[in-house]
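# Coordinates in review
Listed here are the chains, written in short residue letters.
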Amino acid sequence: VLFNAIHKVEGSHSMFFDGSNDLVNVGGTNTGFLHEPFTQWSVAFWMKANLLTNTRIIYDQGGSDNGIAFRINVSKLEVGIASANVRRLLSVPFTS
């Protein structure tokens, strides 16, 4: 992950993912911040995708029984949500 001041939208920097084994870990232990149970959360982000081919995971939190995931799937932005093993998928055309 590179911190990039050129393509920033708000603030002083942004993160640049080159699509090869990139991730952001916001906690170093299995307790405390973002590791304790919670029932509600919000996700907000801005992105500029250079490639819209194949399947590219943008964000993934939780699991297949309770979780949320965003991905680009061949020029579509898809959001998958699971709650108590009930899953929903929203898919819309996407151009960067």
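Residues numbered from 1 in each chain as written. Predicted model: local features only at pLDDT ≥ 70, side-chain atom pairs only at ≥ 80, totals over all residues. Heavy atoms only, no water.

Spatially, four strands are ordered β3-β4-β5-β6 in an open sheet, and the strand pairing comes out antiparallel. Two strands close off the open sheet at either side, each with one partner strand: β3 (55-62) and β6 (86-93). Between one strand axis and the next, the sheet turns by 10° as a mean value, whatever way the strands run. Two strands pair when backbone bridges link them, and β3 and strand β4 (residues 67-73) are joined in this way by seven bridges, in the antiparallel orientation. Within β4, the position partnered with Thr55 by the bridge is Asn73. (Pairing = 2+ DSSP bridges. Helix = DSSP H or I, 4+ residues; strand = E, 2+ residues; numbered from the N terminus. Axes fitted to C-alpha atoms, helices over the stretch in contact; angles between N-to-C directions.)

Counted according to the given criterion, the structure contains two salt bridges. The residue Glu78 makes a salt bridge to Arg71 at a minimum N-O spacing of 2.6 Å. Using a relative accessible area of 30% as the deciding quantity, one classes Arg71 as partly exposed. Among the salt bridges present, the one from Lys76 reaches Glu78, with a minimum N-O distance of 3.8 Å. Residue classification places Lys76 among the partly exposed positions, given a relative accessible area of 33%. If you follow the salt bridges from partner to partner, you end up with Arg71, Lys76 and Glu78 in one network. (Salt bridge = Lys/Arg side-chain N within 4 Å of Asp/Glu carboxyl O. Buried < 20%, exposed > 50% of the residue type's maximum accessible area, 1.4 Å probe, protein only.)

Successive side chains on a regular strand alternate, one facing one side of the sheet and the next facing the other. Across the eight residues of β6, zero count as buried, placing the element largely on the outside. Relative to β6, strand β5 (residues 76-83) is paired through eight bridges, and the arrangement is antiparallel. For Glu78, the partnering residue across the bridge sits in β6 and is Ser91. As consecutive antiparallel partners, β5 and β6 are separated by two residues, and within that stretch Ala84 has a phi angle of approximately 50°, a positive value.

Of note, Asn73 is situated in strand β4. With a relative accessible area of 16%, Asn73 lands in the buried category. Side-chain polar atoms of Asn73 contact the side chain of Glu78, separated by 3.3 Å. When sequence neighbours within four positions are dropped, the list of residues in contact with Asn73 reads Asn54, Thr55 and Glu78. (Polar contact = N/O pair within 3.5 Å; in protein donor to acceptor, adjacent residues only side chain to side chain. Contact = heavy atoms within 4.5 Å.)

Per-residue confidence for the protein averages 77 on the pLDDT scale, and 70% of its residues sit at or above 70. Summarising per-element confidence for the protein, the mean pLDDT is lowest in strand β1 (residues 2-4) (56) and highest in β6 (92). (pLDDT = per-residue confidence, 0-100.)

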